[in-house]
Amino acid sequence: MKTDLSDILTCLRSAGGYVSGQQLCERLGVSRTAVWKAVNRLKEEGYRIESVSRKGYLLVESPEDVLSESEIASRLTTEWAGRKLYYYGETGSTNNDAKRCGEEDDPHGTVVVADIQNAGKGRRGRAWQTLSGTALSFSILLRPAFPAERASMITLVMALAVAEAVEEAMEGSIAVHIKWPNDLVINRKKVCGMLTEMTMTPELDEIQYLVVGVGINVNNESPQEFQEEIRQTATSLRIESGRRQNRAALLQAVLCRFEKYYGTFLETLDMSRLREAYQARLQGLGGEVRVLDPAGEYTGISRGINDRGELVVERGSGECVAVYAGEVSVRGLYGYV
Ligand code: BTN
C-alpha cells in the first residue's frame, strides 16, 4: 500500500503537469481503481490533487510539512542514500534502530527517520528530546571500507552537507555556521546536533558499520518548546526564518549533498577537498576558544581544521595544537560558541 503511494507521488511530482490515469496504471502496473484509491488516500493525507476527465491527475499542492515514508521516498533523487528507508511515527532512538539495521543485512545508505524519539541520544551520554512535528531526526547506516581512524571525519562531512541544505531551505537568507566538529549554529544558537557511532567487527578490527545520527530543530515555534537547560542556546529554523519548513524536502536536500561529499571524501580519505567549504562556515575562526581537554583546559586562537579534520588551535606560546574531536570539546570564551 505504502509503496503505491510513494510511486504515485513520484510520478505526479516528476510530471510537473497532468498525468493520465492510463499512464499511471502503465507506469505502476496497477489497475485504474488502485490508482483512484491511492489518489484518494493521498487527498486524505492533505495533498491537493486535481482530477480532470481526459487530462488525468495533477498534484497541485503538498501539505506544508508532512513526514511520511511516501513523502520522503517520492522526493528522493539520490543513488544510494535513503534508498532503503524506515519511517517511524515514534521510536526510541533512530541511531539504535540504524544500529540494528547494521547487525542485519540492510545496505549501505539505509536511513531511519522518526517524527518522535522517546529515548533520543545526544553526545556524551546526554538525552536528546524530539517532540512531534518539530524535528528532523534521522540516522544513516554506512558500511565503509576505510580504516577506523578515518571515521571521525564523516561527521564533519555530514555537518557540511546539513549546513548547506539548511541554508538552501532558508533560501540563503540566514547564514549557517559549524561549531567544530559538528554542531550547526544560526545566530550563535544551536540548531542541529549529530551523534556518530561506530561498530567494529570482532575478529578483523575493521569497521562493521557506522551510524551517523542527525537531529535538526526545524519547526519549533518558540524557545519555550526546548528543555530548560538548552533554552538559551538552542534555536530552530522556524524561529530563525519565521517560516515552517518541509522536513521531507530538507531530508532529501541533506542526503543529496551527503552522498556527493561522501564521494569526495572517499577520493582522499581525508578532508583536503572539503576543507575550504567546511572552513568557510566554521564558527569562531580566528577567534579565541577554550579547549576542554580532560588533561587540562587551555585557551588559544582557532586556526581552522587540518586535512584530518582536527581543529588547529594556536596557544599563547605560538605553538599550534591539533585537537581531535573524540577527546575534547571546544567553547567560545563567553558561552556556547
Ligand atoms: C548532540 O548534539 O548531543 C547530538 C544529538 C544527536 C541527535 C540525533 S537525533 C537522530 C539520532 N538519533 C539519536 O538518538 N540521536 C541522533
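Scroll up a little and you will see the structure.
A quick note: this is a predicted structure, and the numbers were derived from the prediction, not measured.

This next bit is on helix H3 (residues 32–44). Taking 1.5 Å per residue as the helical rise, H3 with its 13 residues ought to reach 18 Å, and the 18 Å between its terminal C-alpha atoms agrees with that figure. Those residues of H3 lying buried are Val35, Ala38, Val39 and Leu42. Taken end-on, H3 shows its buried residues confined to a sector of 100 degrees, consistent with a single buried face. Just downstream of H3 lies Gly46, where phi reads positive at about 110 degrees.

This next bit is on the sheet that holds strand E8 (residues 189–200). Spatially, the 7 strands line up as an open sheet ordered E3-E4-E5-E9-E8-E7-E6, and their pairing is mixed. Each having just a single partner strand, strand E3 (85–91) and strand E6 (177–179) make up the two edges of the open sheet. Direction aside, the axes of adjacent strands within the sheet are offset by 20 degrees on average. Both E6 and strand E7 (residues 183–186) contribute to a ladder of 3 bridges, which runs antiparallel. Residue Ile178 lies in a different strand from E7, and its bridge partner there is Leu184.

As a structural note, the neighbourhood of the ligand is formed by 19 residues, with Ser93, Gln117, Lys121, Arg123 and Lys190 the closest of them. Here a nitrogen atom of the ligand sits 3.5 Å away from a polar atom, N or O, in the main chain of Asn95. Side-chain polar atom of Lys190 to an oxygen atom of the ligand: 2.6 Å apart, as the coordinates give it. In isolation the ligand has 420 Å² of accessible area, and contact with the protein removes 98% of it. The element contributing the most residues to the shell around the ligand is E8, with 4 residues.

On to helix H8 (residues 247–268). Given a rise of 1.5 Å per residue, 22 residues ought to cover 32 Å, and the 32 Å separating the end C-alpha atoms of H8 matches this to within 8%. Between the side-chain oxygen of the N-cap and the backbone nitrogen of Ala248 there are 3.0 Å, and the N-cap of H8 in question is Asn246. Positive phi shows up at Leu269, right after H8, with a value of about 55 degrees.

About the criteria used
- Residues numbered from 1 in each chain as written.
- Predicted model: local features only at pLDDT ≥ 70, side-chain atom pairs only at ≥ 80, totals over all residues.
- Heavy atoms only, no water.
- Helix = DSSP H or I, 4+ residues; strand = E, 2+ residues; numbered from the N terminus.
- Expected span 1.5 Å × (residues − 1).
- Buried < 20%, exposed > 50% of the residue type's maximum accessible area, 1.4 Å probe, protein only.
- Arc of directions from axis to C-beta.
- Pairing = 2+ DSSP bridges.
- Axes fitted to C-alpha atoms, helices over the stretch in contact; angles between N-to-C directions.
- Near = heavy atom within 4 Å.
- Polar contact = N/O pair within 3.5 Å; in protein donor to acceptor, adjacent residues only side chain to side chain.
- Areas by Shrake-Rupley, 256 points an atom, 1.4 Å probe, with all protein chains shown as cover.

Distances and angles like these do not, on their own, reveal function.
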